[in-house]
Amino acid sequence: MIDLQRVRADTPGVAFVAHLNNAGSSLPPRQVHDAVVDHLQREAEIGGYEAARERRDRWEHTYDALARLLNAGRDEIAVIENATRAWDMAFYAFPFAPGDRILTGRAEYASNWIALKQVTDRTGARIDVVPDDEHGQIDVAALASMLDDDVKLVSLVHVPTQSGLVNPAAEVGRVTREAGVPLLLDACQSAGQLPLDVDELGCDILSGTGRKFLRGPRGTGFLYVRRGLIEKLEPPLLDMRAADWQPDGTYTIRSDARRFENWETYYAGKIGLGVAVDYALEIGIDSIRARIVELAEKLRAALREIDGVTLLDRGAVLAATVTFTVDGVSPDEVQQRLEQRGVNVSTMDASSAQLDYGPRGIAEAVRSSVHYYNDDSDLDRLVEGVKEITWTRSPA
Ligand SMILES: Cc1ncc(COP(=O)(O)O)c(C=O)c1O
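Residues numbered from 1 in each chain as written. Predicted model: local features only at pLDDT ≥ 70, side-chain atom pairs only at ≥ 80, totals over all residues. Heavy atoms only, no water.

S.K.: Account for the overall build of the protein chain, naming residues and giving values.
M.R.: A tally of regular secondary structure across the protein chain gives 15 helices and 15 strands. Taking 2.2 N^0.38 as the reference for a compact globule, 396 residues should give roughly 21 Å; the C-alpha atoms of the protein chain span a radius of gyration of 21 Å, in line with that estimate. Summarising its shape, the C-alpha atoms of the protein chain cover approximately 75 × 55 × 35 Å along the three principal directions. Here the protein chain holds 396 residues, and the buried ones make up 57% of them. A sequence separation of at least 24 residues applies to 69% of the contacts in the protein chain between residues at least 6 apart. (Helix = DSSP H or I, 4+ residues; strand = E, 2+ residues; numbered from the N terminus. Rg over C-alpha atoms; globule rule 2.2 N^0.38 Å. Buried < 20%, exposed > 50% of the residue type's maximum accessible area, 1.4 Å probe, protein only. Contact = heavy atoms within 4.5 Å.)

S.K.: Requested: an account of the site of the ligand, with residues and values cited.
M.R.: Near the ligand you find 13 residues, and of these Thr84, Asp186, Gln189, Thr209 and Arg211 are the closest. In this structure, an oxygen atom belonging to the ligand sits 2.5 Å away from a side-chain N or O atom of Thr84. Side-chain polar atom of Thr161 to an oxygen atom of the ligand: 2.9 Å apart, as the coordinates give it. Alone, the ligand offers 390 Å² of accessible surface; in the complex the protein occludes 92% of this. Of the residues belonging to the shell around the ligand, the class tally is 5 nonpolar, 5 polar and 3 charged. (Near = heavy atom within 4 Å. Polar contact = N/O pair within 3.5 Å; in protein donor to acceptor, adjacent residues only side chain to side chain. Areas by Shrake-Rupley, 256 points an atom, 1.4 Å probe, with all protein chains shown as cover. Nonpolar A, V, L, I, M, F, W, Y, C, P; charged D, E, K, R; others polar.)

S.K.: I'd like a description of the sheet that holds strand S3 (residues 101–105), backed by residues and values.
M.R.: The 7 strands lie next to each other as S2-S8-S7-S6-S5-S3-S4, forming an open sheet whose pairing is mixed. Every interior strand has two partners, whereas the edge strands, strand S2 (77–80) and strand S4 (126–130), have only one. Neighbour-to-neighbour, the strand axes of this sheet turn through a mean angle of 20°, independent of strand direction. Two strands pair when backbone bridges link them, and S3 and strand S5 (residues 151–157) are joined in this way by 4 bridges, in the parallel orientation. When the bridges of S5 are listed, Arg101 appears paired with Val151. Running at roughly 165° to strand S6 (residues 183–186), helix H8 (residues 169–179) makes contact with S5 and S6 of the sheet. (Pairing = 2+ DSSP bridges. Axes fitted to C-alpha atoms, helices over the stretch in contact; angles between N-to-C directions.)

S.K.: Pulling in residues and values, what's your account of the domain arrangement of the protein chain?
M.R.: Domain parsing of the protein chain yields domain 1 (4–20 + 284–390) and domain 2 (30–282). Centre-to-centre, using C-alpha coordinates, domain 1 lies 26 Å away from domain 2. If you look at the interface, domain 1 gives 37 residues, while domain 2 gives 30 residues. A combined buried area of about 2800 Å² lies between domain 1 and domain 2, and 52% of that area is made up of carbon and sulfur atoms. For the domain 1 face of the interface with domain 2, the top three residues by lost area are Asp10, Ile285 and Leu355, together amounting to 24%. Our count for the contact surface shared by domain 1 and domain 2 stands at 3 salt bridges. Among the ionic pairs, Arg30 bridges to Asp10, the shortest N-O distance being 2.8 Å. The interface formed by domain 1 and domain 2 holds 20 residue pairs in polar contact (both at pLDDT 80 or more) in total. (Domains from an automatic or database assignment. Buried area = accessible area lost by both parts, 1.4 Å probe. Salt bridge = Lys/Arg side-chain N within 4 Å of Asp/Glu carboxyl O.)

S.K.: Describe the pairing of S6, naming the residues involved and giving the relevant values.
M.R.: Alternating residues of S6 divide into Leu183 and Leu185 and Leu184 and Asp186, and every residue in both groups is buried. Sheet analysis places S5 next to S6, joined by 4 bridges and oriented parallel. Residue Leu156 lies in a different strand from S6, and its bridge partner there is Leu185. Chirality of the crossover, the property in question, places the unit of S5, H8 and S6 among those that are right-handed. The pairing of S6 with strand S7 (residues 205–209) spans 3 bridges and is parallel. (Right-handed = clockwise from strand over helix to strand, strands pointing away.)

S.K.: Could you give an account of the packing of helix H4 (residues 56–70) against helix H11 (residues 267–283), with specific residues and numbers?
M.R.: With their axes 8 Å apart at the nearest point, H4 and H11 run at an angle of 40° to one another. Judged by the inter-axis angle, H4 sits oblique to H11. Handedness of the crossing formed by H4 with H11: left-handed. Only Tyr267, Lys270, Ile271, Leu273, Gly274, Val277, Asp278 and Leu281 of H11 make contact with H4, whose side of the interface consists of Arg58, Trp59, His61, Thr62, Tyr63, Ala65, Leu66, Arg68 and Leu69. (Parallel < 35°, antiparallel > 145°, perpendicular 65-115°, else oblique. Left-handed = near helix turned anticlockwise from the far one by under 90°.)

S.K.: Could you give me a rundown of the side chain of Thr120, with the residues and numbers involved?
M.R.: Topologically, Thr120 is positioned in helix H6 (residues 110–123). When its relative accessible area of 6% is taken as the criterion, Thr120 is described as buried. Apart from the residues within four sequence positions on either side, Thr120 is in contact with Ile102, Ala125, Arg126 and Ile127.

S.K.: Before we move on, can you summarise the state of the cysteines with the specific residues and values?
M.R.: One pass over the full model with this rule turns up 0 disulfides. Summary of cysteine pairing: Cys188 is not part of a disulfide, and the nearest cysteine sulfur, belonging to Cys203, is at 14 Å. (Disulfide = S-S within 2.5 Å.)

S.K.: Go over the environment of Ser163 with me, naming the residues and quoting the values.
M.R.: Within the secondary structure, Ser163 sits in the loop between S5 and H8. Residues Ser163 and Ala23 lie 140 residues apart in sequence; the distance between their C-alpha atoms is 9.7 Å.

S.K.: So what's going on with the pattern of salt bridges? Residues and values would help.
M.R.: Any two side chains of opposite charge can pair, on the condition that their charged atoms come close. Under the criterion given, the structure shown has 35 salt bridges. A salt bridge links Asp204 to Arg226; the nearest nitrogen and oxygen atoms lie 3.5 Å apart. Of this pair, Asp204 sits in the loop between helix H9 (198–201) and S7 while Arg226 sits in the loop between strand S8 (221–225) and helix H10 (227–230); the two residues are 22 residues apart in sequence, bridging distant segments of the chain. A cluster of three or more residues bridged by salt bridges with shared partners is formed by Asp38, Arg42, Glu45, Glu54, Arg55 and Arg58.

Put into structure tokens, the structure is as follows:
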């Protein structure tokens, strides 16, 4: 059980807004905020390099915290400025050739797809999209039947940006592991809301971000690469953090996952990310998941009752994100009118989710997303706001 009073007392933002845009960026706990501000203060006092040296144990701890979160080794972790770059640094390291195939699912994220397309256009490799099953999640049996010697990578989004779906990542991992094909798991939306054990998930690479369900600072992300794969992947970009310049003009690339990092980094954010992970682990990811599922179900049930509201989420398992449309009112207008009432949600359009929204004829949607620190009054404010919007919409 989560001590709601305590976590809300730790979250100054709840006094200002009903924040239901956690899939965008969560309200951080004050512990995270304080750690970031404290490091920035120290940088101002003694200098940036000096502060990083003095507090080395604090930013080094972030690798241990992430390793614990993922059940990984600290040498398998890189801290990178966001989930997209983390994903890119691993993906662009694969040497694809004509005839190679990359499998992805309908939940694929826009930036990942753009990278897949750029690389396949350049190399003559091909993207094949695995269909969804009848629940709207990736069809694991279809995926298994599509695997052959030409498949060099499977890219899977665990929880998409545009819906509450939770893809069956561990089942996919079992299939890819059996086939000996690397699985690149985008855990950007799942990190901090679902348990992530890289062994149970069977993934070889995992990317995540700090600011969403982990409640870390913006501008922070991370990458996990399985030990045996690290030295097989030459990062697409190298600098003097990733490699050492040798007297003979050559360079040697470091052997741990920090080969995917770059030299200059946001130390305050890195420390804050570690504090955020510690905070989540202390609450317990299983408790977080249970509370999120409870709140999201409550919200779905309440929205379902409102005439003119259509819920869009599909999947055998659903998590924090609740997407919907309101007949006759654009998602942008819904978002703005909720904002006027102190309720934060966001909007999604098909350009963020072509493989999902496109075939379903969804042009855009309102995206609300709960976190464990939300309470019933936050949900009520959203539901009341949506009701009011439906009463005042113009007749069709
Ligand atoms: C599923 C998914 N993958 C990747 C990303 C990109 O994360 P970042 O903005 O940290 O690069 C997002 C962001 O919304 C996302 O939802």
